[in-house]
Amino acid sequence: MKKIPIYLKLLIVFVLVVLLSAFVKGKSSFDFSQIVAYVILIITVFSFGLFMMFSLENRKERINSIKNSLRKQDAHLFNIHQFSKYFEASVTQKIVNHIDSFLMTQIDYKIEDIDISSESLAEFFDMVRQIETKTEEQKEVKTRILDNLENISLIIKEVSFKAMDKMSKYEWVSLLALFFVIIFGLFYENTNSFICILMISIIATALALLLFILRELDTLHWQEQNWIWNPLTNLFKELGLTPYFPEIIFTTNRVAIGKIKGLTKARIAVYKYPYPDFRGKKIRIVKL
């Protein structure tokens, strides 16, 4: 399923609300029940705003925490690459190949399934343990590489736990219920005047924008090009490797390949079967 741009979603919401506002006339006669309706609407707006503010802040902290953890992993992998240069060229190449394989495994899986890449990391551990050292310096370097790998294993567990910490269905149902109560209240007081139609449409669209942003944050798709793919591109280039991407992030409009900073050449993974079946995966080279 292709990802619909958030601004297109907002346009659709705005147009629908404009049409509904034009054809649905509210009841404007004043009575005591209207006072009760106002009180309910005020409480609903306050509850929605408080709940939304808390949820947005919580989701932003989650993304920032995952982002920081992934950048620490990048630093550890870069350190391992630098340490590998203390050994023979063949050993250095083996280490680079394992780093490449490890990163590709992580990229193939969704971020909430990043823990699966621990298998690739275990193979990396085994390879490093088997490296024969000839000097004290190489022994020290080997120990440091293993320390970096150990830190990466901890990062994977941390990122996996935070990525799976999604909002519950009850939270979404509560937010949507409050949202529709607010919209109902606005329509109830609709006088069909131009100002009223415009204000209802703007308020409804603004509230929908908050829900769309919250959804993007919860699924970890919010500005993912900046905090996932741009840094990964830089890491691949620092390691002397061609950046690697799953084709699905481009075909679903999540990321624009032409807008990835510093990208001139890329490896694109094309999957034959639905996720997470990677049998028959093909990698094609794309020059930009």
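The structure this text deals with has already been given above.
Because the structure is a prediction, the values reported are computed rather than measured. (Residues numbered from 1 in each chain as written. Predicted model: local features only at pLDDT ≥ 70, side-chain atom pairs only at ≥ 80, totals over all residues. Heavy atoms only, no water.)

Caption draft 1: Seen up close, the overall build of the chain. When its secondary structure is counted, the chain shows nine helices and three strands. Counting helices and strands in the order they occur from the N terminus, the chain gives α-α-α-α-α-α-α-α-β-α-β-β. Taking the principal axes of the C-alpha coordinates as reference, the chain spans close to 90 × 35 × 30 Å. Looking at the chain residue by residue over its 288 residues, the buried ones come to 42%. At a minimum sequence separation of 6, the contacts of the chain that also span at least 24 residues come to 73%. With an accessible surface of roughly 16500 Å², the chain has 64% of that area assigned to carbon and sulfur atoms. The centroid of the 36 positive side-chain charges in the chain is displaced by 8 Å from the centroid of its 29 negative side-chain charges. (Helix = DSSP H or I, 4+ residues; strand = E, 2+ residues; numbered from the N terminus. Buried < 20%, exposed > 50% of the residue type's maximum accessible area, 1.4 Å probe, protein only. Contact = heavy atoms within 4.5 Å. Areas by Shrake-Rupley, 256 points an atom, 1.4 Å probe, with all protein chains shown as cover. Lys, Arg positive; Asp, Glu negative; His and termini not counted. Charge placed at Lys NZ, Arg CZ, Asp CG, Glu CD.)

Caption draft 2: Structural detail: the pattern of salt bridges. Under the definition given, this model contains 16 salt bridges. Residue Arg59 is joined to Asp165 by a salt bridge in which the shortest nitrogen-to-oxygen separation is 3.8 Å. Taken together, the positions of Arg59 in helix H2 (residues 32-83) and Asp165 in the loop between helix H5 (136-163) and helix H6 (169-188) put the pair 106 residues apart, joining distant regions of the chain. For Glu247, the salt bridge goes to Arg284, with nearest N and O atoms at 3.2 Å. Taken together, the positions of Glu247 in the loop between strand S1 (244-246) and helix H9 (248-251) and Arg284 in strand S3 (residues 282-287) put the pair 37 residues apart, joining distant regions of the chain. The partly exposed category is assigned to Glu247, whose relative accessible area is 23%. (Salt bridge = Lys/Arg side-chain N within 4 Å of Asp/Glu carboxyl O.)

Caption draft 3: Region of the structure containing the nonpolar core. Core analysis: the largest hydrophobic core is formed by 77 residues, its most contacted members being Phe48, Ile95, Ile145, Leu149, Trp229 and Phe245. Broken down by element, this core gets its largest block of residues, ten residues, from helix H7 (residues 194-218). For Phe245, the contacting residues outside a window of four places in its chain are Ile107, Trp229, Thr233, Phe250, Ile260, Leu263, Ala266, Arg267, Ile268 and Ala269. (Core = buried A, V, L, I, M, F, W, Y, C linked by side-chain atoms within 4.5 Å.)

Caption draft 4: Representation of the pairing of strand S2 (residues 265-270) within the structure. Sheet topology places S1 next to S2; three bridges connect them, and they run parallel. The residue of S2 that forms the bridge with Phe245 is Ile268. Bridge count for S2 against S3 is six bridges, and the pairing is antiparallel. Opposite Ile268, over in S3, you have Arg284 as the bridge partner. (Pairing = 2+ DSSP bridges.)

Caption draft 5: Structural detail: the side chain of Arg59. Using a relative accessible area of 3% as the deciding quantity, one classes Arg59 as buried. Among the polar contacts made by the side chain of Arg59, one reaches the side chain of Asn58 at a distance of 2.5 Å. For Arg59, the contacting residues outside a window of four places in its chain are Asp165, Lys166, Met167, Leu214, Leu217 and Asp218. (Polar contact = N/O pair within 3.5 Å; in protein donor to acceptor, adjacent residues only side chain to side chain.)

Caption draft 6: Focus on the environment of Lys134. Along the polypeptide, Lys134 turns up in the loop between helix H4 (118-129) and H5. Overall, the relative accessible area of 65% leaves Lys134 in the exposed class. Counting along the chain gives 47 residues from Lys134 to Phe87, while the straight-line C-alpha distance between them is 9.1 Å.

Caption draft 7: Structural view of the packing of aromatic side chains. Applying the stated criterion across every chain yields a total of eight aromatic pairs. For the pair Tyr109 and Phe278, a centre-to-centre distance of 4.9 Å together with 80° between the ring planes defines the contact as edge-to-face. Of the two residues, Tyr109 is situated in the loop between helix H3 (89-108) and H4 and Phe278 in the loop between S2 and S3; the sequence distance between them amounts to 169 residues. Where Phe184 meets Tyr188, the ring centres are 6.2 Å apart and the plane angle is 35°; that geometry is what we call tilted. (Phe/Tyr/Trp six-rings, centres within 6.5 Å; stacked < 30°, edge-to-face > 60°.)

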